[in-house]
Amino acid sequence: MNGWLLTAGGIAVVTTGIHATAGGRSVVRPLLRSTVAAEPKRTLHVVWHMVTADLLLGSLVLRLPQWMLLLPVAVLAFVGSNRGGT
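Analysis parameters
Residues numbered from 1 in each chain as written. Predicted model: local features only at pLDDT ≥ 70, side-chain atom pairs only at ≥ 80, totals over all residues. Heavy atoms only, no water. Helix = DSSP H or I, 4+ residues; strand = E, 2+ residues; numbered from the N terminus. Rg over C-alpha atoms; globule rule 2.2 N^0.38 Å. Buried < 20%, exposed > 50% of the residue type's maximum accessible area, 1.4 Å probe, protein only. Contact = heavy atoms within 4.5 Å. Axes fitted to C-alpha atoms, helices over the stretch in contact; angles between N-to-C directions. Parallel < 35°, antiparallel > 145°, perpendicular 65-115°, else oblique. Nonpolar A, V, L, I, M, F, W, Y, C, P; charged D, E, K, R; others polar. Patch = residues over 30% accessible without salt bridge, like charges linked within 9 Å, V, L, I, M, F, W, Y side chains within 5 Å. Areas by Shrake-Rupley, 256 points an atom, 1.4 Å probe, with all protein chains shown as cover. Salt bridge = Lys/Arg side-chain N within 4 Å of Asp/Glu carboxyl O.

A. Focus on the overall build of the protein chain. The helix and strand tally for the protein chain stands at 3 helices and 0 strands. When the elements of the protein chain are put in sequence order from the N terminus, they spell out α-α-α. For 86 residues, the compact-globule formula gives about 12 Å, and the C-alpha radius of gyration of the protein chain, at 19 Å, lies well above that figure. Its C-alpha atoms give the protein chain principal-axis dimensions of about 55 × 40 × 10 Å. Scored against the burial criterion, the 86 residues of the protein chain give a buried share of 15%. In the protein chain, the share of contacts with a sequence separation of at least 24, taken over all contacts with a separation of at least 6, comes to 69%.

B. Examining the packing of helix H1 (residues 3-33) against helix H2 (residues 38-61) more closely. Contact geometry for H1 and H2: axes closest at 8 Å, N-to-C directions at 170 degrees. Viewed along their axes, H1 and H2 adopt a mutual orientation that is roughly antiparallel. Two secondary-structure elements touch here, H1 through Gly9, Ala12, Val13, Thr16, His19, Ala20, Gly23, Gly24, Val27, Val28, Leu31 and Leu32 and H2 through Lys41, Arg42, Leu44, His45, Trp48, Val51, Thr52, Leu55, Leu56 and Ser59. Of the residues assigned to the contact of H1 with H2, the class counts are 12 nonpolar, 8 polar and 2 charged.

C. Spatial organisation of a nonpolar patch on the surface. On the surface, Val61, Leu64, Trp67, Met68, Leu71, Val75, Phe78 and Val79 cluster together into a nonpolar patch covering about 740 Å² of accessible area. No other element matches the 6 residues that helix H3 (residues 66-83) contributes to the nonpolar patch. Within the secondary structure, Val79 is located in helix H3. Given the relative accessible area of 37%, Val79 is considered partly exposed.

D. Structural view of the environment of His19. Relative to the elements of secondary structure, His19 occurs in helix H1. His19 gets classed as buried once you look at its relative accessible area, which sits at 15%. Between the C-alpha atoms of His19 and Leu55, which are 36 residues apart in sequence, the distance is 8.8 Å. Beyond its immediate chain neighbours, meaning those up to four positions away, His19 contacts Gly24, Trp48, Val51, Thr52 and Leu55.

E. Main features of the environment of His45. Relative to the helices and strands, His45 resides in helix H2. Spatially, the C-alpha atom of His45 lies 35 Å from that of Trp67, the residues being 22 residues apart in sequence. When neighbours within four sequence positions are excluded, His45 is seen to be in contact with Val28, Leu31 and Leu32.

Structural data, given as structure tokens:
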């Protein structure tokens, strides 16, 4: 595995940890205790979790070999080509 990608994946995991722990304390908890209306509050809370999941999945993807990343593309192309046309 490429050392640079492994390093980038490690940094991304650390960033995810900081986002989830420190950001949760300083952003999410005060947001949930605020007097903001329920709908925007819940929307921002869900978006927070979506960003956390995106950071985590992105850090894991950096650690995967290239063929594993492109395998779903190949499978979908194969399925799509067999469903087409006639």
